[in-house]
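Tertiary structure, described
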Amino acid sequence: MNIKTCFLTVVCATLSFGAFAQSEVTEKEIAEHISFLASPKMAGRFPGTKENRKVVNYLIKNFKQAGIKPYGKNYTQEFNAKIRVKKGLDTPVVTTQNVIGFIEGSDPELKHEFIALGAHYDHLGMGGPSSKKPDTVGIHLGADDNASGTAALLEIAERLAAHKKDLKRSILFIAFGAEEQGLLGSKYFVNHPVIPLSSIKLMMNMDMVGRMNAEKQLYMGGAASFNGGMELMKGLGPESGINPVVIAYDVGGSDHVSFYKKNISVLGFHTGGHPQYHTPEDDFAHINVAGEKLVCDYIYKAILSVANKNETIFFVPEKKN
């Protein structure tokens, strides 16, 4: 092998292991991810369907391209999900997956501690009737719920991979399956964790982050569940160009709740409710892509701050009166 051939071989090998990871979140990639995930071809990303599997493969492909490794041998954590049906009907059970990626921290000691970043990728499938056409059953595209959070997960993960040397603690990325069926993916994860739950110092979850309003508000619950959380999340607002609505507890009803019930500190992010929630009209046309980029940049800065915190990070339970 001559020198030129050897050089090309090394370059190609380097590219195959994630040299394409972009150092910044881009509106273009956010739009591409949501357009794919919320397309009619994905049929509402219902658990157990072939479309669900296509989404899983899409997530794995993007993790690989960013140079994000699986934790262990596989990216997927398979589990059985009971599908919600009307009373009196048999409850079907389908097989679906969580998709898990991993960046190892650079500090010899702190790399054994983890920040988890998550979003659910599933939605309601065909769901119910469209509000515009009540006599028809439409595809629930789920652009905001939760293609937006899944796109944010992929974009933030890619940016962190490009700056992995800047991370003292390790990062675990989890795309949850079957959230709409009762937080089943996150419940399965916390009961079958791939790492000791005690090593997860903060779980940050994104569910419906694609509809930022004119006031540029980003809501988050659970900020007081870890030491210094309230001050940190408020302080990151001005430099990120958003107005964070920082809530001490009131952790909400998405996948981070499963972690909170295990006494793990959490942050649950969203940009607010809207009339298109759980209807076929939750489509890409309603997404504020520029607003979602602000969300991604804010959460990225929050992860860097927590991952590099020299002080011990600990769970702070809510005081009940």
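Please read all numbers here as calculations on a predicted model, not as lab measurements.

Formed by 88 residues in total, the largest nonpolar core has its most connected members in I156, F173, M204, F259, F269 and I299. If we ignore the near neighbours within four places in the chain, the residues touching I156 are L117, M206, C296, I299, Y300 and I303. Of all hydrophobic cores here, the second largest spans five residues; its members include F79, I83, V94 and A178.

Overall, the coordinates contain nine salt bridges when judged by the stated rule. The residue K301 makes a salt bridge to E239 at a minimum N-O spacing of 3.9 Å. With a gap of 62 residues between them, K301 in helix 8 (residues 289–307) and E239 in helix 6 (residues 229–240) connect regions that are remote in the sequence. Given a relative accessible area of 24%, K301 falls into the partly exposed group.

This part is about the layout of surface pockets. Unfilled space is identified by rolling a water-sized probe across the atoms. A volume near 340 Å³ is recorded for the largest pocket. When contributions to the lining of the largest pocket are tallied by element, the ones reaching two or more residues are strand 6 (217–221) and strand 8 (266–270). With three residues, strand 8 is the single largest residue contributor to the lining of the largest pocket. Looking at the lining of the largest pocket, its residues break down into seven nonpolar, ten polar and five charged. Taken together, 14 residues make up the lining of the second largest pocket; nearest its centre are E29, N62, Q65, A66 and E158. Of all the secondary-structure elements, those providing two or more residues to the lining of the second largest pocket are helix 2 (27–37), helix 3 (50–65) and helix 4 (143–162).

Conventions adopted
Residues numbered from 1 in each chain as written. Predicted model: local features only at pLDDT ≥ 70, side-chain atom pairs only at ≥ 80, totals over all residues. Heavy atoms only, no water. Core = buried A, V, L, I, M, F, W, Y, C linked by side-chain atoms within 4.5 Å. Buried < 20%, exposed > 50% of the residue type's maximum accessible area, 1.4 Å probe, protein only. Contact = heavy atoms within 4.5 Å. Salt bridge = Lys/Arg side-chain N within 4 Å of Asp/Glu carboxyl O. Helix = DSSP H or I, 4+ residues; strand = E, 2+ residues; numbered from the N terminus. 1 Å grid on protein atoms, 1.4 Å probe; cavity = no way out; pocket = protein on both sides within 12 Å on 5 of 7 lines; lining within 4 Å. Points joined across faces, edges and corners; volume = space filled by probe spheres on them. Nonpolar A, V, L, I, M, F, W, Y, C, P; charged D, E, K, R; others polar.

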